[in-house]
Amino acid sequence: MKMYYKQGYQKKNTQEKIIGLAGNPNVGKSTIFNELTGLKQHTGNWTGKTVENAYGYYGYHDTNYKIYDLPGTYSLITHSKEEEHARDFICFDHYDAIIVVCDALCLERNLNLVLQILEVTDQVVVCVNLLDEAKKRGIEIDLEQLSTELQVPVIGTCARDKIGLNELVKQIEEMGKTPIKESIQTKYKEQIEDAIVKVENHLTPFFPKNLSTRFFALKMIENDQDILNRLEEVTNFRLEAHPALSSIIIEQREQLKQSGILYHFLKNDTAKTIIHHAETICQKVVHNPQSNMKKHQTLEKILKSPWTGIPIMLAFLFLIFWITMVGANYPSQLLFQFFSWLEQWLRYGFELFSFPSWITGIMIDGAYQTVTWVISVMLPPMAIFFPLFTLLEDFGLLPRIAFQLDKQFAKCKACGKQALTMCMGFGCNAVGVTGTRIIDSPRERLIAIITNNFVPCNGRFPTMVSIITMFFVGFRPGLQNSISNALILTGIILFGILMTLIVSNGLSNTILKGMPSSFVLELPPFRKPQIGKVLIHSLFNRTLFVLGRAITVALPAGIVIWLLTNLTIDGVSIIQICADFIDPFARMIGLDGVILMAFILGFPANEIVVPIMIMIYLSKTSMTDISNLSLLKQILVDNGWTITTAICTILFSLLHFPCSTTCLTIKKETGSLKWMLFTILLTTSIAIMTCFIISHLLNLFI
Amino acid sequence: MGYFTSHSFFYTYNKLDKMKLGESMTLDELSVGESAIVKKIETDDNMTRRFIDIGLVEGTKVTSLYRSYLKDPTAYFIRGAVIALRKKDAKKIYIIRGNHEDVL
Ligand SMILES: Nc1nc2c(ncn2[C@@H]2O[C@H](COP(=O)(O)OP(=O)(O)OP(=O)(O)O)[C@@H](O)[C@H]2O)c(=O)[nH]1
Ligand SMILES: [Mg+2]
């Protein structure tokens, strides 16, 4: 289908307009955004995928449209961090239009938000998305009627198939040209309307022109501190500065009280009126609303049963790991071989130009080897794991995991949505930490932030995979080996989950005391993932991500570490001196000085931990070239590695302090250095204790 | 009882065990597959707001769909969406049970 708009910023265009994409969570806002702008915002079949505003451009005729993808929100009264972003944009920002995206499957609830937004602005286009799914369930929506009811334009779309987007874009252009009609307003009880009008009349003369007087008059009567504070921040408007207005508000509250309406409860009262208004509209607009859920529940039935639910989820986890390990093995070997072949030629070239040996050292032993290690070890597993994971995410499995595990988290006085943020942690702990914004209660959110690190991220997961491959089952191919590899990995991940629960519980009973707060989780319908698109897109994404990290982090780190291993004092390298110094302590927890040193130096990025180890070990031998994992194993074994060392290294990697990026994110999200330091301290002591216990236990038996 | 059609009344009547039709109870007591109308919500302000967000107010029809494998939380069908609520929270929602065989 031909699209009439152009994705991205169009240089030749003369005007610029600003558009916001608002709506309930998981209705396809990011999907529409991506289609319009050509950007790649993450989408996923669960509520709370987008937690930060993002913007992009598309061009249509002679105008550039700057479009904001807002986090999903159920209402303008916010509970959690990410909803605040959306509310602030809608209530306070300057924009030319807001597209309110609605889910056709539950239009009624979505209309709530539409009606609330219509109180704030008339510049609204309603976009009813997911029409394909509605059709499949026999739900019919009369869009024209809806437009008449709301007095704003309504466009039906199916964003995934790009249907309706042309009309949407056209409609937005139209809005800029014709004067905007006044939209429908929800009418409250007469007394409330009276009060609003009185306050509004006094407010209008000095209130900022672009803000809705009706909306803020109501908020003032309701005494919605949250939004009034925000108003002050944005516009410097303080109620206290207008005594006349304040006294009118108080007078109106008194009036309301006489007719039995307390202003404390006004908020809920008005919200309910809106809900009923939405209900009335829906009765006229939606035909055959879905009342039968039977058809869609076979899978849920399987998942919910104790005998099938948990085993199936574990099997999923195991299967993903198994495919990852089996699939990554061969490409990894190929990459190793290729890079070592290339290395010979590079060395040859360097010799040809007779570069001094330190240049060869920095460039090849330092930079080149670290970068190629990161690529050969990290890339294949990640390029397999992530597309699979994204498929499950798109399918809608993540909220089900949160649903099934919630009881466990509730027992630890934490929130089931923590499971969702843990899933994000697999990609990157920093993303997981940001993702905790979907958790309402600050206490539970902190717990989720502190424990997120117990899920191995992109940088640690492949390290574990390679150590497991080297030390536990060996390299012999074969079904049995790969299965036991995957089982061990599953065990380690489960151990991480167990630690998360234990630590969450510990925190809830000590410094983060409190009761579990409430929990409202939406379970979206299972959706058939767009397999081809997801696979290619996330493969591409992850490859870029890993390669990007290899260049930006591993390359400089490789150079620095090489210098540290080769600058010597009395014939011993600086790094060796440090390693020797911490060696006795490291041995107590089943590691050695070099491993611990590598973890410390790996603070900027977990990817470089193993390359650092190798470099230090290698600086003691004459061998420089590692063309495959079995050679590497030989080096490790020569340096005293045993199975205990391997286990402790994996455990330490799983539990130790978060990487620098994650730490900074923790600081940003909690707004305090204290929590960041606390997280580092806590995770590290847990890692040390666990390794200490495990290594001593193992030494008893081995 | 404007909520229930005569057909579903008989249906319920035949199935009635110890609980009477229209008996008041809390949402967590609603068995899987049954529907009810919310009569009253007694919870703190924050939670009330969350409920209002998802359209769960007095007069809303709720159907219990399924429980998690540990029996808590439970998924409910509310205004076209499937929403999971914990038992603790569902306890604060008073309902009048009715049985709509068209729901499950
Ligand atoms: N069948 C169908 N699925 C769609 C359509 N539009 C979006 N989806 C799917 O709906 C899910 C949610 O889409 P997102 O774009 O992530 O939703 P969002 O509104 O940005 O969600 P939050 O960021 O959580 O607020 C994804 O799995 C999409 O693939 C559509 O028109 N038809
Ligand atoms: Mg989104």
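Refer to the preceding data block for the structure.
Definitions and cut-offs
- Residues numbered from 1 in each chain as written.
- Chains lettered and ligands numbered in written order.
- Predicted model: local features only at pLDDT ≥ 70, side-chain atom pairs only at ≥ 80, totals over all residues.
- Heavy atoms only, no water.
- Contact = heavy atoms within 4.5 Å.
- Buried area = accessible area lost by both parts, 1.4 Å probe.
- Salt bridge = Lys/Arg side-chain N within 4 Å of Asp/Glu carboxyl O.
- Polar contact = N/O pair within 3.5 Å; in protein donor to acceptor, adjacent residues only side chain to side chain.
- Phe/Tyr/Trp six-rings, centres within 6.5 Å; stacked < 30°, edge-to-face > 60°.
- Helix = DSSP H or I, 4+ residues; strand = E, 2+ residues; numbered from the N terminus.
- Buried < 20%, exposed > 50% of the residue type's maximum accessible area, 1.4 Å probe, protein only.
- Lys NZ or Arg CZ within 6 Å of the ring centre and 35° of its normal.
- Pairing = 2+ DSSP bridges.
- Right-handed = clockwise from strand over helix to strand, strands pointing away.
- Donors = N, O, S within 2.8 Å, 3.2 Å for Na, K, Ca; no water.
- Core = buried A, V, L, I, M, F, W, Y, C linked by side-chain atoms within 4.5 Å.
- 1 Å grid on protein atoms, 1.4 Å probe; cavity = no way out; pocket = protein on both sides within 12 Å on 5 of 7 lines; lining within 4 Å.
- Points joined across faces, edges and corners; volume = space filled by probe spheres on them.
- Nonpolar A, V, L, I, M, F, W, Y, C, P; charged D, E, K, R; others polar.

(A) Local environment of the interface of chain B and chain A. At the junction of the two partners, chain B supplies 37 residues and chain A supplies 47 residues. Interface area, chain B with chain A, both sides summed: about 3,900 Å², of which 55% is carbon and sulfur. Inspection of the region where chain B meets chain A yields six salt bridges. Two residues, K272 of chain A and E58 of chain B, come together in a salt bridge whose shortest N-O distance is 3.3 Å. Where chain B touches chain A, the interface holds 15 residue pairs in polar contact (both at pLDDT 80 or more).

(B) Summary view of the packing of aromatic side chains. Residue and element names in this part refer to chain A. Counting across every chain of the model gives 34 aromatic pairs over all chains. For the ring pair F321 and F385, a centre distance of 6.1 Å and an interplane angle of 15° mean the geometry is stacked. Placement of F321 in helix α13 (residues 309–352) and of F385 in helix α14 (residues 357–395) is noted, with a sequence separation of 64 residues between them. Each member of the pair, F321 as well as F385, carries the same accessibility label: buried. Seen in terms of ring centroids, F385 and F389 are 5.8 Å apart; in terms of plane orientation they differ by 25°. Their pairing is stacked. Of the two residues, F385 and F389 are both situated in helix α14; the distance of four residues between them amounts to about one turn of the helix. For F385, a relative accessible area of 2% corresponds to the buried category. The exposure class of F389 is buried, given its relative accessible area of 8%. Three or more aromatic residues link up through ring pairs in this structure, and these residues are Y9, Y55, Y57, Y68, F89 and Y95. Between R253 and the ring centre of Y263, over which it is positioned, the NZ or CZ distance is 4.2 Å. Directly above the ring of F526 sits R400, whose terminal nitrogen or CZ lies 4.0 Å from the centroid.

(C) Here's a closer look at the pairing of strand β5 (residues 97–103) of chain A. Residues and elements named next belong to chain A. Taken across its seven residues, β5 has seven buried, putting it largely inside the fold. Burial along β5 is two-sided: the residues A97, I99, V101 and D103 and I98, V100 and C102 are all buried. When β5 meets strand β6 (residues 124–129), the two strands line up parallel, connected through six bridges. By the bridge assignment for β6, I98 is matched with V124. Each parallel crossover has a hand, and the one from β5 via helix α3 (residues 107–120) to β6 is right-handed.

(D) Here's a closer look at the pairing of strand β6 (residues 93–98) of chain B. Residue and element names in this part refer to chain B. Counting buried residues in β6 gives five out of six residues, a clear majority hidden from the surface. The sheet contact formed by strand β1 (residues 24–26) and β6 spans three bridges and is antiparallel. Bridge pairing links M25 to I95 in β6. Bridge count for strand β2 (residues 35–41) against β6 is six bridges, and the pairing is antiparallel.

(E) Highlighting the coordination of the magnesium ion (ligand 2). Residues and elements named next belong to chain A. Binding of the magnesium ion (ligand 2) to the protein goes through S30 (OG) and T50 (OG1), at separations of 1.9 to 2.0 Å. Here T50 lies in the loop between α1 (29–37) and β3 (54–60) and S30 lies in helix α1, a separation of 20 residues in the sequence. There is no split in this pair, since S30 and T50 are both buried.

(F) Fine view of the nonpolar core. All names here are of chain A. If you look at the biggest cluster of nonpolar residues, it comprises 117 residues, and the most contacted ones within it are W373, M613 and W641. Here this core takes 15 residues from α14, the largest share from any one element. Membership of the second largest hydrophobic core comes to 64 residues, among which are I192, L218, C282 and V286.

(G) Structural view of empty space enclosed by the protein. All names here are of chain A. Under the criterion given, the structure shown has five cavities of 30 Å³ or more. The volume enclosed by the second largest cavity comes to roughly 140 Å³. If you list the elements that add at least two residues to the lining of the second largest cavity, you get α2 (81–92) and β10 (520–522). Residue composition of the lining of the second largest cavity, grouped by class: six nonpolar, four polar and six charged.

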